[in-house]
Each structure stands twice: as structure tokens, then as C-alpha cells.
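As a plain string of letters, each chain reads:
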Amino acid sequence: PATSMEELVSLCKRRGFIFQGSEIYGGLQGFYDYGPLGVELKNNIKAAWWRSNVYERDDMEGLDSSIIMHRLVLRHSGHEATFSDPMVDNKKNNKRYRLDHLVKDQKADVQAKVAAHMGVDPENFPALVAALNAEPAKASEALRTSGVRDAFSGEIGDWTEPKPFNMMFKTTIGPVADEESYGYLRPETAQGIFTNFKNVVDSTSRRLPFGIAQIGKAFRNEITPRNFIFRVRELEQMEIEFFCTPGTDEDWHAHWLEKRLSWWEAQGVPRSKIEILDVPKEDLAHYSKRTYDLMYDYPTLGYEEIEGIANRSDYDLGSHTKSQSELNLVARVSENNDSIAKLTIPHPETNKPVVPFVIEPSAGVDRALLAVLSEAFTKETLENGNERIVLKFKPHLAPIKVAVIPLARNKPELVELARQIKNDLQKLGLGRILLEDSGNIGKAYRRHDEVGTPYCITVDFDTLGQSNEDSDVSLKDTVTVRDRDTLQQERLKISELAEWIQAKLK
Ligand code: ATP
């Protein structure tokens with residue numbers, strides 16, 4: 001695995017996985033572009049998730065809902081009121097900070113001073129943040145008197161009182177900018193699932209329990225985007241809302257925790273690198289009955305959330321439904337006089353309409369990609385003393401499955417045969433097969449190690465049956481196949497390649 005974020009950032013840029021967004025104009029903070037290899041890796045991760053959660057189950061439907069949503073969706077979901085992080089301004093340098101990040105970035109002795117000022121245990125970070133939020137005036141005094149600095153510039157601040165900062169991106173819809181013609185870029189894909197609950201039920205005749213899965217972009221105006229693609233403003237999520245009968249929710253919650261851990265394992269992110277955080281009651285989001293955060297041990301950052309698995313009770317459907325008072329809701333929801341739909345489904349036993357409970361496994365694609373990259377990253381010292389960097393992706397995630405390399409690029413027969421082999425393998429539908437005719441075989445191997453290509457196939461003069469007199473004519477129509485991990489090379493018949501590769505990449 002990688003030992004630092006820096007080595008990942010550098011590899012990603014060098015080999016074309018990830019670039020800074022809007023880079024040629026100085027870059028835009030919190031936005032990244034996925035390059036030629038990044039887009040393949042990302043697509044492969046999403047495809048693996050979809051396969052496992054939609055195709056391989058019998059209780060799931062898919063959805064792709066729109067990114068811009070009606071303001072009333074985000075009002076009734078609770079996001080207008082509560083989707084905010086507390087921020088403080090430094091009056092000295094006019095910079096803005098997310099309060100918890102600012103405090104987390106301080107040295108232990110400064111943190112202890114802040115905690116002492118607020119009268120809480122410095123070991124209990126969530127309690128400290130809660131106290132700072134609860135008493136804004138005291139908080140700014142605590143920051144000032146404790147000598148809290150900007151972790152990057154080192155400057156001591158003159159701090160304002162913390163204020164909530166709503167993280168939703170708001171945008172104008174249509175040509176007339178009146179008071180009501182605005183919408184929001186969704187801050188999570190989940191809301192599109194809840195608002196389509198009735199459409200999906202009516203069009204598929206699903207009964208409880210069943211889920212709806214969606215992969216897509218979400219947007220959060222993070223106060224301090226940082227740590228490469230770990231915390232960005234435009235992110236992608238893979239989310240499931242699994243609807244079940246109230247009372248069965250805790251079992252389903254356990255089911256999904258287990259399912260998700262084994263999925264991560266299958267992507268090369270082992271359980272031993274994930275800690276399960278049973279989120280303490282006082283830190284739960286406004287909708288949650290109980291949440292497990294899966295914390296992955298990121299290089300440099302340490303344990304940070306890669307996925308949240310929340311029991312959202314009947315909060316969401318209950319918030320978006322009409323006729324709330326008739327429905328015996330368990331969650332405390334705000335009154336809704338705007339919705340035109342009753343979001344119920346027949347109870348599997350009584351057939352009476354019920355608002356189901358929801359279990360939500362929600363994973364970030366960008367954070368997944370970072371973890372997969374980090375686990376695949378390997379530095380090896382070879383027998384000849386040279387060092388090689390190799391990305392040991394699981395084959396189904398590798399951006400390029402096979403590189404077909406003609407030994408010399410100025411020999412048309414070699415290049416033509418290599419192209420033919422490439423085209424034939426491409427037809428198998430395994431993912432990207434690359435014709436690599438850059439000419440230098442050593443460089444090609446090094447490049448494909450660094451981007452994690454499982455197999456390199458080399459077409460040489462023996463393949464054409466054109467070697468010197470003493471060469472072995474039995475090698476005609478065979479190629480060399482090099483294994484990324486073992487570095488073993490074997491000679492295979494071209495006619496056997498398809499079957500061999502298919503078996504290896506399954
Ligand atoms: P954090 O506490 O790290 O801000 P969160 O608890 O707000 O995350 P959720 O609202 O639970 O995150 O979102 C579900 C998932 O979406 C997270 O587990 C994470 O993988 C991903 N995610 C959330 N915010 C971001 C972001 N700014 N950048 C990248 N991924 C994100």
C-alpha cells in the first residue's frame with residue numbers, strides 16, 4: 001500500500017489518473033478532473049458496485065435522477081435548515097475555516113487550551129466541537145486566547161464567532177430570476193430516490209423489502225476542500241436506499257454492514273484497514289436512528305470516512321409525504337403541505353399502508369478510488385536492485401486490461417499483427433485493450449506496471465516466423481505474455497489468447 005498521499009498525487013498526475021480542475025486558469029479548489037486512466041478506474045469501480053448491488057440481487061432497482069432539484073425537495077429533506085458546517089473567519093487574513101477542521105489542525109497543547117476554555121475533555125473531540133457550536137461567543141474567545149493558528153500559513157487568528165454555513169450550491173433556473181426560480185444542486189443522490197419512491201413502486205410492483213440504487217454526482221460547497229480527492233466540492237456517490245418493514249430495520253442494517261465490508265474486500269480494500277465506527281448518538285445526522293461509519297486508513301490522513309451506513313428510519317419518506325398525520329410516523333418530521341404524493345406501501349403482513357424504514361449504504365466514488373489506488377500501490381525492489389512501482393489492482397478494476405506491444409514500431413508486419421490481436425481481444429468486452437506502439441519495450445513495461453495493466457502481450461519476430469536461421473520456427477504464431485505481479489513471461493499461441501485472457505480476467 002501507499003505510505004503517503006504525496007506519492008499517490010504524483011503518480012496520478014504523471015500517469016494521467018487525476019488532474020486539478022480548471023488547471024490552465026490557475027485551478028479551482030475542490031474540483032478535480034479524471035484523466036484517461038482515472039475515468040477507466042472510476043467506471044470500473046462503479047460497474048463493480050452496480051453489478052454486486054443491482055444485478056446480483058433480486059431485491060434492487062436502479063435509478064438515475066436529475067442533479068438539479070426543486071427547492072422544496074431540499075427544504076423538506078431538512079437540508080435547507082441543517083446541511084451546514086460551522087465556520088469561523090480569521091479577521092487578520094480574511095480567510096474562512098471550517099471550525100472542526102481548524103481545531104483538529106492545531107497542536108495538542110493548543111487543542112487542550114481550547115478544550116479547557118470550553119470546559120470539556122480534550123480527548124473527546126466531538127464534544128469539543130459541539131461545545132464550540134453551542135456557545136459562539138465563548139468559542140471565538142477560546143480560539144483567540146488559545147493562540148489558534150492557520151495550520152498552513154502559521155498565522156495566529158483574530159477569530160469571529162462561529163456561524164453555520166450552508167453547503168448547498170444554489171442555482172437560478174430559467175430566464176426569469178424571480179424569488180422562487182431557483183433550485184439546488186443535490187448535496188446527496190439520496191433525495192432523488194425518495195422523490196421517485198412512488199414512481200418506482202408503481203412501475204415495478206415491488207413489495208417490501210426492496211432497494212433503489214443510484215450512482216451520480218453530488219455537490220457540496222465545502223468550506224475547506226482538501227486532501228486531494230478526499231474532500232471535494234463536486235463528488236460522486238454510490239447510494240442505496242433499502243426500504244424495509246419497521247421492526248426489521250436493525251437486521252437489515254446488520255445485513256448491509258456485512259455486505260458492504262465484503263464488497264470492499266473484493267475491491268482490494270481489506271477489512272483489516274477499515275474500522276467500524278458506531279456513531280455516538282449525539283453526533284448522528286438529523287435523520288439517523290443509528291449509523292455505522294466505515295473508516296478507512298488513508299495514507300497520511302489516517303482513519304477517515306469512506307462510507308456511511310445509516311438507519312434513516314421513516315424520516316425521509318415521512319418528510320416528503322402528504323397526509324403525515326395519518327401515518328403514525330416514528331421520526332420527528334416537519335410539516336409538509338407541499339407534497340402531492342402519499343409515500344406508503346402495503347405492509348407485507350397486514351396489507352395496510354405503511355411508511356417503510358430505510359437503510360442507506362452511501363459510499364463516495366472519489367474516496368473509493370483513493371482507497372483502491374492506495375491499496376494497489378506497491379514499491380518493489382527487483383533482483384537487479386532496481387525499484388519498480390506497480391499498481392496491483394484486482395483485474396476487474398484495472399484501467400487497461402491488456403497492452404499489446406509490437407517489438408518494433410517501424411516494422412509494419414509487427415504493428416499490423418499487434419493491432420489485429422488488440423481488435424480481437426477488444427471484442428471480448430473485458431474493458432480497455434491498448435495497442436502500445438511507443439517502440440521501447442522496457443519503457444512500455446514500466447509504464448504498464450505503474451498504471452496496473454495485468455498483462456502485456458508482445459508480438460516479436462518469432463511470432464512472424466521471421467527470426468534468424470537458428471531460431472525455433474515452432475514459435476510462429478505465438479506471443480509473449482508478461483504477468484504484472486509475478487513478472488513471469490510465457491509463450492502462448494495467438495489462437496489460445498482469448499480464452500486464456502478471459503479466464504485470467506474473470
Ligand atoms: P464527512 O464527515 O467526511 O464530511 P459526511 O459524513 O458528510 O462526510 P455523508 O453525508 O455520509 O458524508 O456522505 C456519504 C459519503 O459521501 C461519504 O462516506 C463519502 O464517501 C462521500 N463524501 C461526502 N462528502 C464528500 C466530499 N466532500 N468529497 C468526497 N466525498 C465525499
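Residues numbered from 1 in each chain as written. Predicted model: local features only at pLDDT ≥ 70, side-chain atom pairs only at ≥ 80, totals over all residues. Heavy atoms only, no water.

Time to look at the overall build of the protein chain. Helix and strand content of the protein chain: 17 helices and 24 strands. Projecting the C-alpha coordinates of the protein chain onto the three principal axes gives extents of approximately 90 × 65 × 50 Å. Accessible surface computed for the protein chain: about 23,900 Å², of which carbon and sulfur atoms make up 48%. Once the 65 positive and 78 negative side-chain charges of the protein chain are each reduced to a mean point, those two points are 2 Å apart. (Helix = DSSP H or I, 4+ residues; strand = E, 2+ residues; numbered from the N terminus. Areas by Shrake-Rupley, 256 points an atom, 1.4 Å probe, with all protein chains shown as cover. Lys, Arg positive; Asp, Glu negative; His and termini not counted. Charge placed at Lys NZ, Arg CZ, Asp CG, Glu CD.)

Bringing the packing of aromatic side chains into the picture now. Scanning the model with the defined rule gives 14 aromatic pairs in all. Their ring planes at 75° and their centres at 5.3 Å tell us that Tyr97 and Trp159 sit as a pair that is edge-to-face. Here Tyr97 is found in strand S6 (residues 95-98), whereas its partner Trp159 is found in the loop between helix H8 (136-145) and strand S7 (163-166), with 62 residues between them in sequence. Accessibility assignment for this pair places Tyr97 and Trp159 in one class, buried. Judged by centre distance (5.2 Å) and plane angle (75°), the rings of Phe230 and Tyr298 are edge-to-face. (Phe/Tyr/Trp six-rings, centres within 6.5 Å; stacked < 30°, edge-to-face > 60°. Buried < 20%, exposed > 50% of the residue type's maximum accessible area, 1.4 Å probe, protein only.)

Here strand S23 (residues 478-483) lies mainly inside the structure; six of its six residues are buried. Judged by which residues are buried, S23 turns out to be covered on both faces: Thr478, Thr480 and Arg482 on one side and Val479, Val481 and Asp483 on the other are all buried. Where strand S22 (residues 455-459) lies against S23, four bridges are found, and the strand directions are antiparallel. Bridge pairing in S23 places Cys456 opposite Arg482. Alignment of S23 against strand S24 (residues 489-493), held across five bridges, turns out to be antiparallel. Its bridge partner lying in S24, Val479 is registered against Leu492. Where S23 folds back on S24, the antiparallel hairpin that results is connected by five residues, among which Leu487 adopts a positive phi of roughly 65°. (Pairing = 2+ DSSP bridges.)

So, on to a nonpolar patch on the surface. The grouping of Ile67, Ile68 and Ile173 at the surface amounts to a nonpolar patch, some 220 Å² of accessible area in total. Tracing the sequence through the fold places Ile173 in the loop between strand S8 (170-172) and strand S9 (182-185). (Patch = residues over 30% accessible without salt bridge, like charges linked within 9 Å, V, L, I, M, F, W, Y side chains within 5 Å. Salt bridge = Lys/Arg side-chain N within 4 Å of Asp/Glu carboxyl O.)

Let us now look at helix H7 (residues 125-134). Along H7, the residues classified as buried are Leu128, Val129, Ala131 and Leu132. Down the axis of H7, the sector holding all buried residues measures 160°, keeping them to one side. Of the surrounding elements, those touching the buried residues of H7 are helix H5 (99-104), helix H6 (108-118) and H8. (Arc of directions from axis to C-beta. Contact = heavy atoms within 4.5 Å.)

This structure, assessed with the given rule, holds 42 salt bridges. Measuring nitrogen to oxygen at the nearest pair gives 2.9 Å for the salt bridge that ties Arg388 to Glu380. The exposure class assigned to Arg388 is buried, which follows from its relative accessible area of 4%. What emerges from the salt-bridge pattern is a single network uniting Asp85, Arg98, Asp100, Glu222 and Arg231.

Read across the open sheet, the three strands follow the order S4-S9-S8; overall the sheet is antiparallel. Of all the strands in the sheet, just strand S4 (68-70) and S8 have a single pairing partner and so form its edges. Each strand of the sheet is rotated relative to its neighbour by a mean of 45°, with strand direction disregarded. As paired strands, S4 and S9 are joined by three bridges and run antiparallel to one another. Of the residues in S9, the one forming a bridge with His70 is Gly183. (Axes fitted to C-alpha atoms, helices over the stretch in contact; angles between N-to-C directions.)

What follows is about the side chain of Glu307. When you line up the elements, Glu307 lands in strand S14 (residues 302-313). Using a relative accessible area of 0% as the deciding quantity, one classes Glu307 as buried. Side chain to side chain, Glu307 and Arg260 meet in a polar contact 2.8 Å long. With residues up to four places along the chain from it excluded, the contact list for Glu307 reads Arg260, Trp264, Tyr292, Asp293, Leu294, Pro361, Ser362 and Ala363. (Polar contact = N/O pair within 3.5 Å; in protein donor to acceptor, adjacent residues only side chain to side chain.)

The seven strands lie next to each other as S3-S10-S11-S17-S14-S13-S12, forming an open sheet whose pairing is mixed. Of all the strands in the sheet, the pair left with one neighbour each is strand S3 (60-63) and strand S12 (274-278). Strand-to-strand twist in this sheet, taken as the mean axis angle between neighbours without regard to direction, amounts to 20°. Across nine bridges, strand S13 (residues 290-298) lies against S14 in antiparallel orientation.

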